[in-house]
Amino acid sequence: MNDRADRGAASTQLVVLTPVLMLLLLLSVQFALAWHAQHIAQAAASRGLADARAADGTSGQGADTTRATLKATGGRVLRDPQVRADRTTTTASVDVQGSVLPVIPGLDLRVTGHAEGPVERFLTLRED
């Protein structure tokens, strides 16, 4: 008698749980893409900084290297990247911002990458 009362319970539970499980799966994929995009942005900023802080480097060279790195590695994961490179007499910095490829509609995740360091200078030693 109890078996007849439980008929269809598994189907009902599956219908209720399937969308929840799919949402959890898509969320995990979305955040994995965000993590990957964050690493791309940081790597591009670091490579751009290497050129911007070189003794004969410029902020334009740093920005160009950053854009080239994003083009080579960013693909479709990091969308609409924006690059800003600055160089003063003592420091250089590169910033990258962009949005992550959306898997879940309406979930807009943004990532940033930042690298900063001293400008290389060659000094001559004076002999007294």
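Everything discussed here concerns the structure shown above.
A quick note: this is a predicted structure, and the numbers were derived from the prediction, not measured. (Residues numbered from 1 in each chain as written. Predicted model: local features only at pLDDT ≥ 70, side-chain atom pairs only at ≥ 80, totals over all residues. Heavy atoms only, no water.)

Caption draft 1: Structural detail: the overall build of the protein. Helices and strands together make up the secondary structure of the protein, namely 3 helices and 3 strands. Listed by position from the N terminus, the elements making up the protein come as α-α-α-β-β-β. In summary, the protein has a C-alpha radius of gyration of 25 Å against a globular reference of 14 Å for 128 residues, an excess of more than 25%. Each principal axis of the C-alpha distribution contributes one length, and for the protein these read about 105 × 30 × 20 Å. Taking all 128 residues of the protein together, 30% fall into the buried category. Expressed as a percentage of contacts within the protein between residues at least 6 apart in sequence, the contacts between residues at least 24 apart total 56%. For the protein, the accessible area works out to roughly 9,000 Å², and carbon and sulfur atoms hold 58% of it. Separation between the mean location of the 13 positive side-chain charges and that of the 13 negative ones in the protein comes to 7 Å. (Helix = DSSP H or I, 4+ residues; strand = E, 2+ residues; numbered from the N terminus. Rg over C-alpha atoms; globule rule 2.2 N^0.38 Å. Buried < 20%, exposed > 50% of the residue type's maximum accessible area, 1.4 Å probe, protein only. Contact = heavy atoms within 4.5 Å. Areas by Shrake-Rupley, 256 points an atom, 1.4 Å probe, with all protein chains shown as cover. Lys, Arg positive; Asp, Glu negative; His and termini not counted. Charge placed at Lys NZ, Arg CZ, Asp CG, Glu CD.)

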